[in-house]
Amino acid sequence: MIIRETERLRIRSWCEGDRDLFAEINSDPKVMEFFPLRRSRSESDALFDRNARRIGETGFGFFALALRDSDLPIGFCGLARTDLEPHLPDGTIEIGWRLAVSHWGKGYVTEAALALLEHGFGERRLSEIVSFAVAKNIRSTAVMKRIGMRPDPLRDFDHPTVPDTHAHLKRHVLYAITDKEWKRRA
């Protein structure tokens, strides 16, 4: 199922042929620089299955991101329900992404994220979308700024699933955009 198409991209459900790319990005040290672990192939496959199932059940999750002209998968971008009580209330929707290194620097994530904000506020009628990242992850926070999100320092938090062995990755900054802010931009 195609969620959205942009000039260069297709945001769609996952298919079996996307597993290799999904495993690649979840084990790449550059892509996963700000995450406490790299996933093995079996861990990546399990996450792939959970994510695909969640999308099928709820319509929310991290969708495959593919080049429109070839349908070649290059990463993912999506709107997903968070599970980070008490930091984020149940039902909070985050926008997030990961992209294979060979496709960095081409504006793909910004293009996809803008399309998904439109989808979230238009079709899904969300009232707010958040995004969060390790404070030093300037690539991700730069995308958040480009898509019109604003920092919300009062909601910054220490990520509960980051182990103490990776204390430098615990603190996360939170950015947000409301439907009203989105409509003013549009």
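A few points on the structure. Every value quoted in this text rests on a predicted model; they were computed, and no experiment measured them.

Taken together, Arg125, Lys180, Lys183 and Arg184 make up a surface patch of like positive charges. Its relative accessible area of 58% is what places Lys180 among the exposed residues.

Below, the discussion takes up the packing of aromatic side chains. Evaluation of the coordinates by the stated rule reveals eight aromatic pairs. An angle of 80° between the planes, with centres 5.1 Å apart, marks the rings of Trp14 and Phe22 as edge-to-face. Across the pair, Phe22 and Trp14 agree in class, each one buried. When the centroid spacing of 5.9 Å and the interplanar angle of 40° are considered together, the rings of Phe22 and Phe76 count as tilted. Of this pair, Phe22 sits in helix H1 (residues 19-27) while Phe76 sits in strand E4 (residues 73-81); the two residues are 54 residues apart in sequence, bridging distant segments of the chain. Classification of Phe76 by relative accessible area gives buried; the value is 5%. Among the aromatic residues, those joined into a cluster by ring pairs are Trp14, Phe22, Phe48, Phe62 and Phe76. Arg98 extends its terminal NZ or CZ atom over the ring of Phe35, reaching a point 4.4 Å from the ring centre.

This part covers helix H2 (residues 41-58). Taking 1.5 Å per residue, 18 residues should reach 26 Å; H2 reaches 25 Å between its end C-alpha atoms and fits that length. In this structure, the buried side of H2 is in contact with H1 and strand E3 (61-67).

Space inside the largest pocket adds up to approximately 1300 Å³. Looking at the largest pocket, it is lined by 48 residues, and the ones nearest its centre are Phe35, Phe62, Glu94, Trp97 and Arg98. When residues of the lining of the largest pocket are traced back to their parent elements, those giving at least two are H2, E3, E4, strand E5 (93-99), helix H3 (108-122), strand E6 (128-134) and helix H4 (138-146). Broken down by element, the lining of the largest pocket gets its largest block of residues, six residues, from E5. Residue composition of the lining of the largest pocket, grouped by class: 24 nonpolar, 14 polar and ten charged.

With that out of the way, let us pick up H4. Within H4 the residues assigned to the buried category are Ser140, Thr141, Val143 and Met144. The buried residues of H4 occupy an angular sector of 155° when projected down its axis, which confines them to one face. Of the residues in H4, the exposed ones pointing more than 90 degrees away from the buried face are Ile138 and Lys145. Packing partners of the buried residues in H4 comprise E5, H3, E6 and strand E9 (171-178). One or two residues past the end of H4 sits Gly148, with phi positive at roughly 95°.

Each value, and the rule that gives it
- Residues numbered from 1 in each chain as written.
- Predicted model: local features only at pLDDT ≥ 70, side-chain atom pairs only at ≥ 80, totals over all residues.
- Heavy atoms only, no water.
- Patch = residues over 30% accessible without salt bridge, like charges linked within 9 Å, V, L, I, M, F, W, Y side chains within 5 Å.
- Areas by Shrake-Rupley, 256 points an atom, 1.4 Å probe, with all protein chains shown as cover.
- Salt bridge = Lys/Arg side-chain N within 4 Å of Asp/Glu carboxyl O.
- Lys, Arg positive; Asp, Glu negative; His and termini not counted.
- Charge placed at Lys NZ, Arg CZ, Asp CG, Glu CD.
- Buried < 20%, exposed > 50% of the residue type's maximum accessible area, 1.4 Å probe, protein only.
- Phe/Tyr/Trp six-rings, centres within 6.5 Å; stacked < 30°, edge-to-face > 60°.
- Helix = DSSP H or I, 4+ residues; strand = E, 2+ residues; numbered from the N terminus.
- Lys NZ or Arg CZ within 6 Å of the ring centre and 35° of its normal.
- Expected span 1.5 Å × (residues − 1).
- Contact = heavy atoms within 4.5 Å.
- 1 Å grid on protein atoms, 1.4 Å probe; cavity = no way out; pocket = protein on both sides within 12 Å on 5 of 7 lines; lining within 4 Å.
- Points joined across faces, edges and corners; volume = space filled by probe spheres on them.
- Nonpolar A, V, L, I, M, F, W, Y, C, P; charged D, E, K, R; others polar.
- Arc of directions from axis to C-beta.

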